[in-house]
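Report on the structure
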Amino acid sequence: MAYVTLKEILRGARENGYGVGAFNFNSYEDAQGIINGAAEKKAPVILMASAGAVKYIGVKQTAYMVKGMAESVDIPVCLHLDHATSMDLIKACIDAGFTSVMIDASKKAYEENIRESALVARYAGKTGCSVEAELGRVGGKEEDVIVKEGKDTYTNPNDVPRFVKETGIDALAIAFGTAHGFYKKEPNLDFELIKTVAGITDIPLVMHGGTGVPPEGFKKAIASGISKVNVGTELKATYVNTLRDVVKKNPNEADPRNYLKAVKEQCAEVVKGKIDIFGCADKIV
Ligand code: G3H
Ligand code: ZN
């Protein structure tokens, strides 16, 4: 249906009480699986490529591939650069046609985070590309971004108004107890903090570290004000576990499509399950 920006795809999510799923991909198969799963559910979907994924696939290759996929289905699709720290990569992705980018300067001091996020928002404004930035620090490991967990990394609501106003960003990632990667124990999520931030700003709020969060955790986070819900590690694990199993069961298969088809299908299954939890099925606006 349409290749849209993050701002467009998240419009109405908070008021209507649903979250839009944002899923990391690393190749054609998982990307197509994500889109197929969302198309089956008639749900808007955000495809996220990390800096590592973009380097692996190629900047233009990523943009053109996902744009082509988006044009072949009847749902809104957004292509988002996830957790980028390099200005050069961000600019290259915007120039290639990504419809959203995340500048992750959350490890830097507040003033520097504002400066870099504002710079990206200004550049993105040229094409209408959306921008997500992060305040506070989401724990765990996301490629080369490693953050120790603890309450001192949670978003400070007092930092929000000036950050949103001076950066001009379209979505804000907040730290409220989630972490990247598999959890060693069940996460303790601060839903009151989400509500507080949602009471301060109207811009869509983003939840990182979705892998391993139980369905109730997602539902409460969305009811508290989260609009974009990121899931990455679970899809990576689905990809490699499926591939390993199918190769083991059919060691003499000669056609790669007969292995990779299973990856595509299993990724679609994971996405459909998440869409049911996030409440975004049939929410094509
Ligand atoms: O930015 C990506 C997400 O926050 C993914 O987190 O790998 O823990 O699901 P996850
Ligand atoms: Zn993340």
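Reading the values: rules and limits
- Residues numbered from 1 in each chain as written.
- Chains lettered and ligands numbered in written order.
- Predicted model: local features only at pLDDT ≥ 70, side-chain atom pairs only at ≥ 80, totals over all residues.
- Heavy atoms only, no water.
- Helix = DSSP H or I, 4+ residues; strand = E, 2+ residues; numbered from the N terminus.
- Rg over C-alpha atoms; globule rule 2.2 N^0.38 Å.
- Buried < 20%, exposed > 50% of the residue type's maximum accessible area, 1.4 Å probe, protein only.
- Contact = heavy atoms within 4.5 Å.
- Areas by Shrake-Rupley, 256 points an atom, 1.4 Å probe, with all protein chains shown as cover.
- Lys, Arg positive; Asp, Glu negative; His and termini not counted.
- Charge placed at Lys NZ, Arg CZ, Asp CG, Glu CD.
- Phe/Tyr/Trp six-rings, centres within 6.5 Å; stacked < 30°, edge-to-face > 60°.
- Near = heavy atom within 4 Å.
- Polar contact = N/O pair within 3.5 Å; in protein donor to acceptor, adjacent residues only side chain to side chain.
- Salt bridge = Lys/Arg side-chain N within 4 Å of Asp/Glu carboxyl O.
- Disulfide = S-S within 2.5 Å.

1. Here we look at the overall build of the protein chain
Looking only at helices and strands, one finds eleven helices and twelve strands in the protein chain. Relative to the compact-globule value of 19 Å for 285 residues, the protein chain shows a C-alpha radius of gyration of 18 Å, a close match. For the protein chain, buried positions account for 58% of its 285 residues. Sequence-distant contacts in the protein chain: of pairs separated by 6 or more residues, those separated by 24 or more amount to 73%. Carbon together with sulfur atoms contributes 50% to the accessible area of the protein chain, which is approximately 12700 Å² in total. Measuring between centres, the 36 positive side-chain charges of the protein chain sit 1 Å from its 37 negative side-chain charges.

2. A look at the packing of aromatic side chains
Aromatic ring pairs are defined here through the distance separating the ring centres and the angle between the ring planes. Scanning the model with the defined rule gives two aromatic pairs in all. Taking 5.0 Å as the distance between ring centres and 70° as the angle between the ring planes, the aromatic pair formed by Phe218 and Phe278 counts as edge-to-face. You can see Phe218 sitting in helix α9 (residues 215-224) and its partner Phe278 sitting in helix α11 (residues 256-278), a full 60 residues away along the chain. Assessed through its relative accessible area of 1%, Phe218 is described here as buried. Accessibility expressed as a relative area gives 1% for Phe278, which makes it buried.

3. Examining the site of ligand 1
Close to ligand 1 lie 16 residues, the nearest being Asp82, Gly209, Thr211, Gly232 and Thr233. Gly181 places a polar main-chain atom, nitrogen or oxygen, 2.9 Å from an oxygen atom of ligand 1. Note that an oxygen atom of ligand 1 is positioned 2.5 Å from one of the side-chain N or O atoms of Thr211. Burial of ligand 1 by the protein amounts to 99% of the accessible area it has alone, namely 300 Å². Going through the elements one at a time, β4 (76-84), β10 (179-180) and β12 (226-231) are the ones with two or more residues in the shell around ligand 1.

4. Side note on the pattern of salt bridges
Proximity of charged atoms lets side chains of opposite charge pair with each other. Per the counting criterion, the structure on display carries 13 salt bridges. When the shortest N-O distance is used, the salt bridge between Lys272 and Glu40 registers 2.9 Å. Taken together, the residues span a long stretch of sequence, with Lys272 in helix α11 and Glu40 in helix α2 (residues 28-41) at a distance of 232 residues. Across the pair Glu132 and Lys228 runs a salt bridge whose closest N-O atoms are separated by 2.7 Å.

5. A few points about the state of the cysteines
Per the stated rule, a full pass over the model turns up zero disulfides. Cysteine Cys78 shares no disulfide, and the gap to the nearest cysteine sulfur, in Cys129, comes to 8.0 Å. Considering cysteine sulfurs only, Cys78 is the nearest to Cys280, which forms no disulfide, with 13 Å between them.

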